[in-house]
Amino acid sequence: MIIDQLILDKKTPKSKFDTDKKSERPIRSIAKAVSWRVIGTLDTLLISYVLTGEVAIAASIASIDFVTKMFLYFFHERIWNKINWGK
């Protein structure tokens with residue numbers, strides 16, 4: 001798959017930055033951040049529960065993790081959307 005993309009990348013014309021910038025709206029980044037955080041939080045909840053054996057502690061760790069990493073992911077996505085490298 002990676003090799004296919006490298007080969008296809010050479011054959012397909014590069015997209016313009018203005019087009020790419022408009023193709024990924026902030027609301028899409030928010031939806032991606034929330035969906036990814038749900039998956040990540042379930043993982044954190046499970047690992048925290050296995051390590052602590054306490055549902056309350058695991059839930060508090062997972063809830064803090066959900067909020068902080070969702071914001072980090074959103075800004076990470078927006079910054080990468082502005083970078084032309086690899087497009």
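The rules we used
- Residues numbered from 1 in each chain as written.
- Predicted model: local features only at pLDDT ≥ 70, side-chain atom pairs only at ≥ 80, totals over all residues.
- Heavy atoms only, no water.
- Helix = DSSP H or I, 4+ residues; strand = E, 2+ residues; numbered from the N terminus.
- Expected span 1.5 Å × (residues − 1).
- Buried < 20%, exposed > 50% of the residue type's maximum accessible area, 1.4 Å probe, protein only.
- Contact = heavy atoms within 4.5 Å.
- Phe/Tyr/Trp six-rings, centres within 6.5 Å; stacked < 30°, edge-to-face > 60°.

S.K.: For this particular structure, what's the right way to read helix 3 (residues 26-52)?
M.R.: Turn by turn, an α-helix covers 3.6 residues, leaving residues three or four places apart pointing in a common direction. Under the 1.5 Å per step criterion, the end-to-end length of helix 3 is 37 Å for 27 residues, consistent within 8% with the ideal 39 Å. Inspection of helix 3 places Ser 29, Ala 33, Arg 37, Gly 40, Thr 41, Thr 44 and Ser 48 among the buried residues, and these make up the whole buried set. Where helix 3 is buried, its residues meet helix 4 (55-82). Once helix 3 finishes, Gly 53 follows within two positions and takes phi at roughly 75°, a positive value.

S.K.: It is not clear to me how the environment of Ile 27 should be interpreted in this structure. Could you clarify?
M.R.: Note that Ile 27 resides in helix 3. Along the sequence, Ile 27 and Phe 74 sit 47 residues apart, while their C-alpha atoms lie 9.8 Å from each other.

S.K.: So what exactly am I meant to see when it comes to the packing of aromatic side chains here?
M.R.: To describe a pair of aromatic rings, one takes the distance between the centres and the angle between the planes. Tallied over the full model, the rule gives one aromatic pair. Ring geometry for Phe 74 versus Phe 75: centroids 5.2 Å apart, planes at 80°, classification edge-to-face.

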